[in-house]
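Given next are the chains, with one letter for each unit.
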Amino acid sequence: MTFRGLPRVRSGYNGRMDNPGSSNGIYLDHAATTEVAPAVLAVMDACYRENSGNPSSSHRAGLKAREELEASRESILESLGAASYDLVFTSGGTEADNLAVAGAILPGRTGITRVLAGSIEHPAVLGSADLVERLGGSFSTIPVDCDGRIEERELSSLELGKTTLVSVMMANNETGTLQPVERICSLVREAGGLFHTDAVQAVGKIPLRLDSFKPDLVSLTAHKIYGPKGVGALLVRRGVSLFPLTRGGGQENGLRSGTENVSLAAGFAHAVKLAVELQDQEAQRLRELRDALAGEISARFSEVTRNTPLDDTLPNILNISFGGVEGSSLAKLLDEMDVAVSTASACHSGSGKGSHVLEAMGLEPALIRGAIRFSFGRSNSSSQLPELLSCLEKGVERLRQLAGTK
Ligand SMILES: Cc1ncc(COP(=O)(O)O)c(C=O)c1O
């Protein structure tokens with residue numbers, strides 16, 4: 001379906017994402033990915049030029065690359081206040097989640113392996129269920145309440161003592177809801193299990209407090225924080241043993257064989273440093289923007305449901321269902337007006353399935369289909385709100401007219 005006669009935002013969005021202060025449309029999909037920050041690009045450019053050696057080689061070129069790689073590893077741990085962790089570079093959050101779940105259940109544990117994961121986890125965690133089951137273990141999900149949060153009483157009914165690994169994300173990528181991970185981690189630890197948390201969306205938005213509650217495994221990725229795609233990490237608390245999924249030359253302390261990309265690691269380290277430095281200031285700015293949009297939407301539109309609670313959430317995500325509207329049609333229409341938003345998370349929005357997150361929260365199918373995620377970031381400012389609201393009004397009105405509900 002194409003939509004004619006709708007205004008374009010000034011000079012055209014053209015697929016540019018983060019362009020603070022420019023008039024290149026409005027990018028509101030920072031939870032899907034972010035543009036590489038210029039300072040990060042500069043670090044990677046210099047690193048590509050100056051470090052062409054293989055960090056496993058023993059000649060000077062190799063040693064120089066190794067030094068750069070280790071400096072990046074140390075820098076990430078320091079920026080995140082994670083002194084009690086080792087860091088394994090991966091290709092991103094998906095690989096880190098896979099390594100956490102499968103790697104934690106494999107090191108020769110006795111008895112039946114049992115994995116519990118939040119029902120609103122990313123598919124990179126939930127998708128490991130069949131692997132766990134093929135290995136003879138069981139994989140079950142933990143229900144959430146209508147805000148998408150795991151309630152403590154749910155955990156007490158789950159026989160944590162018989163569980164090898166519990167995986168609960170710090171912050172959800174579709175709604176921004178934060179989970180009580182510190183409390184869950186302490187209950188899992190008391191019961192003798194391992195606790196993994198996916199912190200992909202949380203980094204640079206909220207303090208992680210890793211050295212205070214010490215989750216056993218933590219997944220990270222660079223491309224949500226203005227770093228490059230194709231690099232991430234699994235933080236492994238010292239003393240936790242993991243089984244490697246990638247076999248070969250024994251790089252990354254034997255946990256992830258394959259020649260490391262030193263420049264991506266350097267870009268990742270710089271992106272983490274900047275994200276943490278800017279965290280407080282950006283969090284407040286983005287929260288104000290998000291709350292202003294939420295307020296305007298509820299004042300101007302009928303039949304809207306906010307799926308993001310405004311407390312205990314990331315500052316930058318707002319998930320809203322527009323009654324009588326297909327979210328995918330609205331997102332397409334907005335894109336034609338140079339406003340980029342998403343429906344379910346970009347990672348699986350092409351699958352044609354509705355959001356498993358909103359379903360787990362108990363939303364009616366029509367509200368799930370009508371959901372849109374706005375995710376704010378460095379390229380956004382309050383000056384974009386009038387334009388955004390006007391595009392939204394046109395889009396929603398058009399779709400409701402077409403559906404005959406207006
Ligand atoms: C919460 C969460 N975990 C994991 C991932 C996967 O990360 P990557 O794209 O780096 O593989 C994403 C990406 O959207 C995410 O939002």
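Residues numbered from 1 in each chain as written. Predicted model: local features only at pLDDT ≥ 70, side-chain atom pairs only at ≥ 80, totals over all residues. Heavy atoms only, no water.

Student: Can you walk me through the overall build of the protein in this structure?
Tutor: If you tally the helices and strands in the protein, you get 13 helices and 12 strands. A burial count over the protein gives 55% of its 406 residues as buried. A fraction of 73% describes how many contacts in the protein between residues 6 or more apart in sequence connect residues 24 or more apart. Summed over all atoms, the accessible surface of the protein reaches about 16,900 Å², with 51% contributed by carbon and sulfur. (Helix = DSSP H or I, 4+ residues; strand = E, 2+ residues; numbered from the N terminus. Buried < 20%, exposed > 50% of the residue type's maximum accessible area, 1.4 Å probe, protein only. Contact = heavy atoms within 4.5 Å. Areas by Shrake-Rupley, 256 points an atom, 1.4 Å probe, with all protein chains shown as cover.)

Student: Just checking my understanding: could you explain the nonpolar core for this structure?
Tutor: Proteins that are soluble and globular tend to have nonpolar side chains buried together. Ranked by size, the top nonpolar core spans 67 residues in total, and within it Leu220, Leu235 and Phe268 carry the most contacts. The element contributing the most residues to this core is helix H9 (residues 262–300), with 10 residues. There are two domains that each give this core at least three residues, and those are domain 1 (26–36 + 279–402) and domain 2 (38–274). Every residue in contact with Leu235, bar those within four places of it in the chain, is listed here: Leu77, Leu80, Ala82, Tyr85, Asp86, Leu87, Leu210, Asp216, Leu217, Val218 and Leu220. (Core = buried A, V, L, I, M, F, W, Y, C linked by side-chain atoms within 4.5 Å. Domains from an automatic or database assignment.)

Student: Help me understand the packing of aromatic side chains in this model?
Tutor: Aromatic rings considered in pairs are described by the distance between their centres and by the relative angle of their planes. Considering all chains together, one arrives at 2 aromatic pairs under this definition. Note on Phe301 and Phe322: the rings are 5.4 Å apart at their centroids and 75° apart in plane angle, and the pair reads as edge-to-face. Of this pair, Phe301 sits in the loop between H9 and strand S9 (304–306) while Phe322 is found in strand S10 (residues 317–322), placing the two residues 21 residues apart along the sequence. Like Phe301, the residue Phe322 is buried in the burial classification. (Phe/Tyr/Trp six-rings, centres within 6.5 Å; stacked < 30°, edge-to-face > 60°.)

Student: Would you take a moment to explain the side chain of His223 for this structure?
Tutor: Tracing the backbone through its elements, the reader meets His223 in the loop between strand S7 (217–221) and strand S8 (232–237). Among the polar contacts listed, one links the side chain of His223 to the side chain of Thr33, at a separation of 2.7 Å. (Polar contact = N/O pair within 3.5 Å; in protein donor to acceptor, adjacent residues only side chain to side chain.)

Student: Help me understand the sheet that holds S8 in this model?
Tutor: In spatial order, the strands read S2-S8-S7-S6-S5-S3-S4; together these 7 strands make up an open sheet with mixed pairing. Each of the sheet's edge strands pairs with one partner strand only, and the pair in question is strand S2 (85–90) and strand S4 (138–142). Looking at each pair of strands side by side, their axes are set apart by 20° on average, direction ignored. Bridge analysis of strand S6 (residues 194–198) against S7 gives 3 bridges, and the strand direction is parallel. By the bridge assignment for S7, Asp198 is matched with Ser219. Contacting S2, strand S3 (114–118), strand S5 (165–167), S6, S7 and S8, helix H3 (residues 93–105) crosses the sheet at an angle of about 160° to S7. (Pairing = 2+ DSSP bridges. Axes fitted to C-alpha atoms, helices over the stretch in contact; angles between N-to-C directions.)

Student: Help me out: how do you make sense of the packing of helix H2 (residues 60–79) against H9 in this one?
Tutor: Two measures define how a pair of helices packs: the angle their axes make with one another and the distance between the axes. At their nearest, the axes of H2 and H9 sit 9 Å apart, and the two run at 25° to each other. Between H2 and H9, the angle falls in the class roughly parallel. Crossing of H2 against H9: the hand is left-handed. Residues Ala65, Glu68, Leu69, Ser72, Ser75, Ile76 and Ser79 of H2 touch H9, and the partners they reach there are Val262, Ala265, Ala266, Phe268, Ala269, Val272, Lys273 and Val276. (Parallel < 35°, antiparallel > 145°, perpendicular 65-115°, else oblique. Left-handed = near helix turned anticlockwise from the far one by under 90°.)

Student: Help me understand unusual backbone geometry in this model?
Tutor: Positioned with a positive phi, Glu303 is a non-glycine residue whose angle comes to about 50°. Structurally, the position occupied by Glu303 is in the loop between H9 and S9. Even without being glycine, Asp338 reaches a positive phi, approximately 65°. Assessed through its relative accessible area of 1%, Asp338 is described here as buried.

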